[in-house]
Each structure stands twice: as structure tokens, then as C-alpha cells.
Amino acid sequence: MNPLPAAPADTTHDTGGIGGHPRGLTTLFFTEMWERFSYYGMRAILMLFMVKTAAEGGLGFDTKKAAAIYGTYTMSVYLLSILGGFIADNFIGARRAMVAGGIIIATGHFTMATGSIPAFYTGLVLIAIGTGLLKPNISTMVGSLYSEEDGRRDAGFSIFYMGINIGAFLSPLVTGYLAQSEGWRAQLASWGLNPVQSWHWGFGAAGVGMTLGLLVYVRQRERLAHVGNAPAPEPGSHGRPWGKLGLVALGSVALIGAMKLSDTYPAVILVLFALQIGAILFFGFRPDPDSKRMAAILVFFFAAQIFWAIFEQTGSSITLFADNLTDNTAFGQPFPSSWWQSVNSAWVILLAPLFAWLWIKLGPRQPSSPMKFTLGLLFVALSFVLMVPAAKLTAEGKVSPLWLVGLYFLQTTGEMLLSPVGLSTMTRLAPQRLVGLVMGIWFLASALGSKLAGVIAGEFKSDNPAELASFFWQQALWVGAATVALFALVPWVKRLMGGVR
Ligand code: GLN
């Protein structure tokens, strides 16, 4: 494919978009909003669809199997970002990768909507591949709208994060209503359709969301014609790096395979932890600044992976808690259990402006990024401490919805301290030639954390309050220990980071 001509327009002076940002940001905002609508909408009903009996329209899997599939799927989505980033950087550019990804994602959702088991698995694989192509590259394109000196860059990313969460907030409401509500099932029956097929309407709605995202992009694509172009082949090289592509693809598949082994042999996870700690020590005690920075990146990686291992249980164990053990009514009205998955995003929409204000207000007095990570871990540990009494109370029947509202408040506070901070710290710590790789490492932390979350959620049991309380307490203790360890390491990590805050 021929690279497109170089940038015709300079977006630095374009203030026609949201909040005085380039108009391209508005397009990316809505495209990503709809992509996340499809991702989180499908995810909101995925676990429930797998564990419900065939009579209820589900697949009838047990919790362990369903959580393992859920974990492998959410892991693959983030893990394939490395491959997606590589394909964009070396072959087709971010813009085409994003469009190809969107088409593959929509195809995946519609495949799932058709209903057979092979279609279910094919759909999951397509969505994972498509998201790997779209997700890292749309983020890169946001960055490309601003010059290095443009003061609007960080705010641009915050606006973009808002788009993500508006999509993630709205979609479980839609897919959850279609999949689970009595009202919609009655509607299907009145049309002479099978009401237990309601799940497939939910999957279909996710596909419609992604299609809308693609339409937004296609209509407004000229605003982005100058960013995310395909790279010119390196002078003196023999065309595209097909060999390296093969290696990255093979490596990704091998890593997914190795992590899948943890379904049967949980010791794989301990080996992985040991390797990470070994790498931190190896780089941390080398004399050159680049190695030291790499050690800092790996500490952040380690902490982020633990954070996501708790946080990413939203769609698995916490959804089961919501479905089986929570009184899902608001203002006297019942609502579908999948709606809980909107609550994290609702908190993001409420809390993000508060954090933006706080960081501006604190200015140079704000905590360092390793300290923010420590606080992030603390909050996610506290969220599971909160669930201990909630679990005990399930002995007396379904518990108040306020427990889960509290859980999501604490988790979202942790997310605000870790997720956006992580993104910007990674880009600043990475040596220039390795930015893409370091971004990939960042998403790898989400990938491994998601898989870990699936492994842990496989142990979730609704029918024994004491065991359930210990399920949450043990995880809180482990994360608490990691929080203390990271707190002790803050001064060392700051030294490793050199001048970067
Ligand atoms: N909620 C954010 C998103 O969907 C971050 C998720 C993650 O990195 N695990 O983009």
C-alpha cells in the first residue's frame, strides 16, 4: 500500500472541536465512544450469558469455565494491542488500522448475535483481533493531533477518556435491557419470537454501536487525513519487516497460550511474577539511566497488573454478586444486574473533573506518580475490604445496592489515580524510539491483570457467605501487602525515574 501524502494541515491552530481542541478530536471522541459502547455493552452480558442455563437462553457453563473464558477473552483484547500497534507502525499506519479494526469488531458482534456456539467463539476472536487493531492506534491518533509543545495535549486525552466512559456508561443500559429485562422479553414474545433469544439482541446492539462509530469516522475522515499515515519503508531496508511481524504475532499467540495454561496450572502466574521481579532488579541495579527508567516502567507495570486483577472482576465475580446477591432495585423499580457495569463509568464522569481540578490546584505539590500508584492500589484494596461485611450480610438475603455503589466509588477513585497517570507517565519515561513498545507494555499490564481477574473470579461462590467474605478479604490482604511494598519503594522508584515526575 502506498503511504498517503504528508500532513497537509496543521491542527495546532485548529480550535473548532470540543473545548477549543482540533476538530479531529471530536471525530475520535465519538468513534471511540461507540467502540467502547460496543466493547463494554457486550462485556456487560457476556459472563451472565455463559452461566445462565439453556432454558434461560444461556450457555449453561459453570462459574470456573465461564470466568476462564472471560479472563482469556479480556486478556486477548488488550494483549493483541501490541500486534495492532506494530502493524500500524510498520505497515498500514494508525488510521487504516483503526478502520480495519472497527470493521472486524462489528463483524464479530454480529457473528455473536447469530447464536450458535461456533459463532460465539468466532465472534470473541474477531472482537479481540479488531480491538487490538483499533484501541492502541486511536489513542496514538489523539496524540498526533497536537505538537510536542501544544499545552492542550493532556486535556485532549482527558476529553478522550470522557468519551470512552460515556460509551461505557450508556451501553450496559442498552444491552442489559435487551438481554435481561422482562419488558423486552414480553415484546419479543408478542412478535412471535423466542423470548430467551433476548441475549442475542444485546450482542446485536453492540454491533450496531460499532457500526455507528465507523459511520461517524467515515463521514468526517477528512479531518484526520493528515494523521496516522502509513510509514514510508526505511531507506536501505528491503520492504516491510514481515519477519518481525511474524515474530510479534507468534509471541502474542504464545503468551496467550502460556496464560491459558494458568487455567489448569495456577503456578504459571507465580513464575510470571518471579520473572517480573527479576527483571526489575536486573534493570534497577544497572548504571545507565535508560535501564533505570526501564526498571521504573516495570514497577509501574507490576502494580498496574495487580490493580487490574481486582478492577477487571467487574464483569465476572462482581457481576455474579450483583446478579445473585444484590437487591437490584432503584426507587422501587427493578433493573437488570448488568446495569451495574455502568456505575464505574458514571463515577468516572463525575470524578474526572474533580481530579483534573485537584491536580491543577495542587500543582507542584501533587503526589509523585509512584505515590499516586500506591494510592490507586490502596483504594482498590479498600473496595474489597468494603465487600467483606456485604458478603457476610448475604446470609440474611439480598443486600442493599449501596454496597456496590460504594465498591465502584472506591475502585473508580483508584482508577483515576492509576490509569490516566500511568498512560502519561509511560509516554514520558519511554526512550523516544521505544514509545510504541512501552505503550504495548502498558496494555500488557491490563491483559495480564484481566486474565488474573478471571482466574480469581473462577473461585467465586454465591452460596456460602463466610467463604465469600474470605474471597474478598484474602484479595484485599494481598493487594494491601502490595500497597505497603510499593509505598516502601516510592523513594527508590523516584530515583530510578531520574528527572521525570
Ligand atoms: N476503562 C479504560 C478503557 O476502556 C481503561 C481500561 C484498561 O486499560 N484496562 O479504555
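Everything numeric here is computed off the predicted structure, so don't read it as measured data.

**Here's the deal with the overall build of the protein**
Next up, step 1: When helices and strands are counted, the protein shows 15 helices and two strands.
Next up, step 2: By its C-alpha atoms, the protein is 65 × 55 × 45 Å across when sized along the principal axes.
Next up, step 3: Relative to its full complement of 501 residues, the protein shows a buried share of 54%.
Next up, step 4: Approximately 21100 Å² of the protein is accessible, and the part contributed by carbon and sulfur atoms is 69%.

**Structural notes on the site of the ligand**
Next up, step 1: Taken together, R36, Y40, Y78, K135, Y161, I164, W308, E312, E415 and S446 make up the full set of residues near the ligand.
Next up, step 2: Between the ligand and R36 there is a distance of 2.9 Å, counted from an oxygen atom to a side-chain nitrogen or oxygen.
Next up, step 3: Measuring from an oxygen atom of the ligand, one finds a side-chain N or O atom of K135 at 2.5 Å.
Next up, step 4: When isolated, the ligand has an accessible area of 300 Å², and the protein chains bury 96% of it.
Next up, step 5: Of all the secondary structure elements, the ones that give two or more residues to the shell around the ligand are α1 (23-51) and α4 (153-180).
Next up, step 6: Grouping the constituent residues of the shell around the ligand by class yields five nonpolar, one polar and four charged.

**Side note on the packing of aromatic side chains**
Next up, step 1: Under the counting rule described, the total for this entry stands at 30 aromatic pairs.
Next up, step 2: A network of ring pairs unites the aromatic residues F49, F120, Y121, W199 and F203 as a single cluster.
Next up, step 3: We note K372 situated over the ring of W359; from NZ or CZ to the ring centre the distance is 3.9 Å.

**Focus on unusual backbone geometry**
Next up, step 1: With phi around 50°, F331 is a residue other than glycine that occupies positive phi space.
Next up, step 2: As for its placement among the helices and strands, F331 is situated in the loop between β1 (329-330) and β2 (333-334).
Next up, step 3: Taking relative accessible area as the criterion, F331 reaches 87% and is therefore assigned exposed.

**Side note on the layout of surface pockets**
Next up, step 1: In this structure, the second largest pocket occupies an estimated 960 Å³ of space.
Next up, step 2: If you go around the second largest pocket, you meet 31 residues; those closest to its centre are F273, I306, L452, W478 and V479.
Next up, step 3: Of all the secondary-structure elements, those providing two or more residues to the lining of the second largest pocket are α8 (267-284), α9 (289-311), α14 (435-457) and α15 (465-496).
Next up, step 4: In terms of residues, the lining of the second largest pocket owes the most to one element, α15, which gives twelve residues.
Next up, step 5: Partitioning the lining of the second largest pocket into residue classes produces 27 nonpolar, three polar and one charged.

**Observations concerning the confidence of the model for the protein**
Next up, step 1: Residue-level pLDDT values for the protein average 91, and 97% of them are 70 or greater.
Next up, step 2: Under a pLDDT of 50 for its full length, residues 1-8 has, in the predicted model, 15 contacts with residues more than four places off or in other chains.

**Remarks on the packing of α4 against helix α6 (residues 198-219)**
Next up, step 1: Relative to each other, α4 and α6 sit at 160°, their axes nearing to 6 Å. With respect to α6, the element α4 is oriented roughly antiparallel. As α4 packs across α6, the resulting crossing turns out to be right-handed. Of α6, the residues touching α4 (which contributes V174, T175, L178, A179 and Q180) are S198, W199, W201, G202, A205 and A206.
Next up, step 2: Looking at the contact of α4 with α6 residue by residue, the class counts come to seven nonpolar, four polar and no charged.

Reading the values: the criteria
Residues numbered from 1 in each chain as written. Predicted model: local features only at pLDDT ≥ 70, side-chain atom pairs only at ≥ 80, totals over all residues. Heavy atoms only, no water. Helix = DSSP H or I, 4+ residues; strand = E, 2+ residues; numbered from the N terminus. Buried < 20%, exposed > 50% of the residue type's maximum accessible area, 1.4 Å probe, protein only. Areas by Shrake-Rupley, 256 points an atom, 1.4 Å probe, with all protein chains shown as cover. Near = heavy atom within 4 Å. Polar contact = N/O pair within 3.5 Å; in protein donor to acceptor, adjacent residues only side chain to side chain. Nonpolar A, V, L, I, M, F, W, Y, C, P; charged D, E, K, R; others polar. Phe/Tyr/Trp six-rings, centres within 6.5 Å; stacked < 30°, edge-to-face > 60°. Lys NZ or Arg CZ within 6 Å of the ring centre and 35° of its normal. 1 Å grid on protein atoms, 1.4 Å probe; cavity = no way out; pocket = protein on both sides within 12 Å on 5 of 7 lines; lining within 4 Å. Points joined across faces, edges and corners; volume = space filled by probe spheres on them. pLDDT = per-residue confidence, 0-100. Contact = heavy atoms within 4.5 Å. Axes fitted to C-alpha atoms, helices over the stretch in contact; angles between N-to-C directions. Parallel < 35°, antiparallel > 145°, perpendicular 65-115°, else oblique. Left-handed = near helix turned anticlockwise from the far one by under 90°.

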